[in-house]
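Chain and residue survey
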Amino acid sequence: MSFRLIVTLAAVLIAFSSVTSLLAADSDASIPAGFRQRAGRTKESLAAAGANEESERAVAAALNWLARHQNPDGSWGCHKCLGHCKDPSCALHSEANAPDYPVAATAFGLLPFLAAGQSHESKGAYQHVIQNGVIAMSKMQDAESGRLSNAMYEHALGTMALCEAYGLSQDKQLGESAQGAVRFLEDAQNFESGGWHYSPSPPTVGDLSVTGWQIMALRTAQMAGLKVKPQTFHRASQFLASVSKGKALGLACYSPDAGPTPTMTAIALLCNQCAGRKPNDPAQEEGMAYLVANLNQARNNTYFQYYATQAMHNRQGLEWQRWNERNRVQLIWEQSRDECADGSWSPHGKGHVAGRLMATSFSALTLQIYYRYQPLQQVEVKPQP
C-alpha cells in the first residue's frame, strides 16, 4: 500500500469518526427541534431513514475534502480552493478562471458540517474549521444593513449558513448576525410580485431559481427561532402562484412567462411543502408525478438532484424509497477517490454547478438529507403485491 493511500485512508477514518461520534449523542433540549435529529441520530435511525454505512463514509470523506480546501482566512472560494491542492486531480474539469463567489463558496463549505450536527461550539475534529468559516462569513457581512452580498443567490446561501450555525449553537452574537441577514433578505424582495432576482429590490418580477433560495433561507431562520415577517412569506406565495402551470397548477417555471421544467417544479414543490401543502393536494400530486417522470435528469443536473431529493424525502412513500436507493448508489459511485480529489465530486457534465466545491457541497448535502431535515409530509406506503 502506497504512503499516499495510507494518508488518505487515515484522513477518511478521522473524518468518519468525527461524524459517527455524534450518532449516540443526546439531543440538546436548548437546540430548536428542527435541528436536534442532526446530533441525536443513531445507526438504527439512520438505517430507517434510508442512509447506510457507505453513504456516511461518503459524507465523512466529503467533510475531509472540504476541510483540506479551506482558505487560511477561514473562507472558501469556488476556484481559489483549488490553490491548496497537492496534485492536479481536483483541477480536472474545473474552469481555470472561474469566479470565486466568496459568500456562496463559504456557505458551500460550512453547510455540510452543519448538516452533520457540528457547530463552531461543538467539540470535534472540525471545530476550528467551522469556527474559522463562521468568522470569515461574519467578516463578509455589512454590520449596518446585514448584507452579505448584493448577489441574492450568495446572500441567501450565506444567510442559510449563519442561521444553521446559530440554530445549532444558540450563540447570541451569531444570532444577531443571522437576524440582520434575514432583515436584508426581506427588504430585498419585490414587494409587488413577491419574488427575488439577482440584485436586491429588483425592478423585474423576479425568478423562481433565486426566489427558491430566499424561501429556504427564511425557512431555516424560522427553524432556528429567528424572526421572519409573515408578509414576506405571503408575498412569496403570490410569486409561487404566478409561476405555477399545469392542469392543477402543480408544475412550475422560471418566470411567469416561461414554460415548466423539472428543476423549477422541484423547487416549487419544496417551497409549497414548507408552506404546509398536503401530499394529497392536487397540485402536489401533479408536481410529484412530473418530478418522478423526469428523475433521469438528476444524473447530469446536481441542482435538480438537490431539490428533487428534498421534495421526495418530505413526501416519503415507495417513490421516495425507490429514488433514494438509486440516487444514493449513484452519488457514492460518482465520488472521486483520486489523491487530492478524494472525497469530492467532479462538476464535469453537471449543469448549474460552479466548480468542484459546489458539486461536492450539494452532493454531500443530498446524502445528508436523512437527518438534515425532518420529513414534512407523509403518504401511505401500500404493500407491494
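Position labels on residues start from 1 in each chain and follow its written sequence. For a predicted model such as this one, the threshold for reporting local features is a pLDDT of at least 70, and the threshold for listing and counting side-chain atom pairs is 80 or more; totals across whole chains, interfaces and linings nevertheless cover every residue. With hydrogens and water stripped out, all remaining heavy atoms of the structure feed into the side-chain values.

**Remarks on the pattern of salt bridges**
When the charged atoms of two side chains lie near each other, side chains of opposite charge can form a pair. Salt bridge criterion: a side-chain nitrogen from Lys or Arg within 4 Å of a carboxyl oxygen from Asp or Glu. Using the criterion set out here, one finds five salt bridges in the structure. A salt bridge links Arg57 to Glu53; its shortest N-O distance comes to 3.7 Å. One end of the pair, Arg57, and the other, Glu53, are both in helix α4 (residues 53-68), four residues apart, so they sit about a helical turn from each other. Given the relative accessible area of 56%, Glu53 is considered exposed. Within the structure, one salt-bridge network assembled from shared partners comprises Arg38, Glu164 and Arg372. A helix here means a DSSP run of H or I that spans at least four residues, while a strand means a run of E at least two residues long, and both kinds are numbered starting from the N terminus. Any residue under 20% of the maximum accessible area for its type is buried, any over 50% is exposed, and the rest in between are partly exposed; the area is computed with a 1.4 Å probe on protein chains only.

**So, the packing of aromatic side chains**
Centres within 6.5 Å make a pair out of two Phe, Tyr or Trp rings, where for Trp the six-membered ring is used; the pair is then stacked when the planes are under 30 degrees apart, edge-to-face when over 60, and tilted otherwise. One pass over the full model with this rule turns up 11 aromatic pairs. Ring centres of Trp213 and Tyr306 lie 5.8 Å apart, and the angle between their planes is 25°; on these two criteria the pair is classed as stacked. Of this pair, Trp213 sits in helix α9 (residues 208-223) while Tyr306 sits in helix α13 (residues 302-315), and the two are 93 residues apart along the sequence. If you follow Arg219 out to its NZ or CZ, it ends over the ring of Tyr373, 4.5 Å from the centre. Only when the NZ atom of a Lys or the CZ atom of an Arg is both within 6 Å of the ring centre and within 35 degrees of the ring normal do we say a charge sits over the ring.

**A short note on the state of the cysteines**
Sulfur atoms of two cysteines make up a disulfide when they are within 2.5 Å. Enumeration according to the criterion identifies zero disulfides in this entry. The closest cysteine sulfur to the non-disulfide-bonded Cys340 is located on Cys90, 3.8 Å from its own sulfur.

**Re the environment of Ala161**
Inspection of the secondary structure assignment puts Ala161 in helix α7 (residues 152-169). Among the residues examined, Ala161 registers a relative accessible area of 2% and is labelled buried. Pairs of residues are marked as contacts when any of their non-hydrogen atoms sit within 4.5 Å. Apart from residues no more than four positions distant in its own chain, Ala161 is found in contact with Ala107, Leu110, Leu111, Leu114 and Met137.

**Observations regarding the layout of surface pockets**
Cavities and pockets are found on a 1 Å grid laid over the protein atoms alone: a cavity is a set of points where a 1.4 Å probe fits but cannot escape, a pocket is an open set with protein on both sides within 12 Å along at least five of seven lines, and a lining residue has an atom within 4 Å of such a point. Grid points are joined across faces, edges and corners, and a volume is the space filled by probe spheres set on the points. Space inside the largest pocket adds up to approximately 490 Å³. For the largest pocket, the lining is made up of 20 residues, of which Tyr153, Ser209, Trp213, His352 and Met358 are closest to its centre. Counting residues per element, the ones that place at least two in the lining of the largest pocket are α5 (102-115), α7, α9 and α11 (262-274). For the lining of the largest pocket, the element with the highest residue contribution is α7, accounting for four residues. Among the residues making up the lining of the largest pocket, the classes are represented as 15 nonpolar, four polar and one charged. Each residue receives one of three labels: charged for Asp, Glu, Lys and Arg, nonpolar for Ala, Val, Leu, Ile, Met, Phe, Trp, Tyr, Cys and Pro, and polar for the others, Gly being one of them.

**Describing the environment of Ser122**
In this structure, Ser122 sits in the loop between α5 and α6 (127-139). When the C-alpha positions of Ser122 and Leu168 are compared, they lie 8.9 Å apart, and in sequence the two are 46 residues distant. For Ser122, the side chain forms a polar contact with the main-chain nitrogen of Ser119, separated by 2.8 Å. Whenever a nitrogen or oxygen atom comes within 3.5 Å of another N or O atom, the pair is scored as a polar contact, on the condition that within protein one atom can donate a hydrogen and the other can accept it, and that pairs from neighbouring residues in sequence are kept only if both atoms are in side chains.

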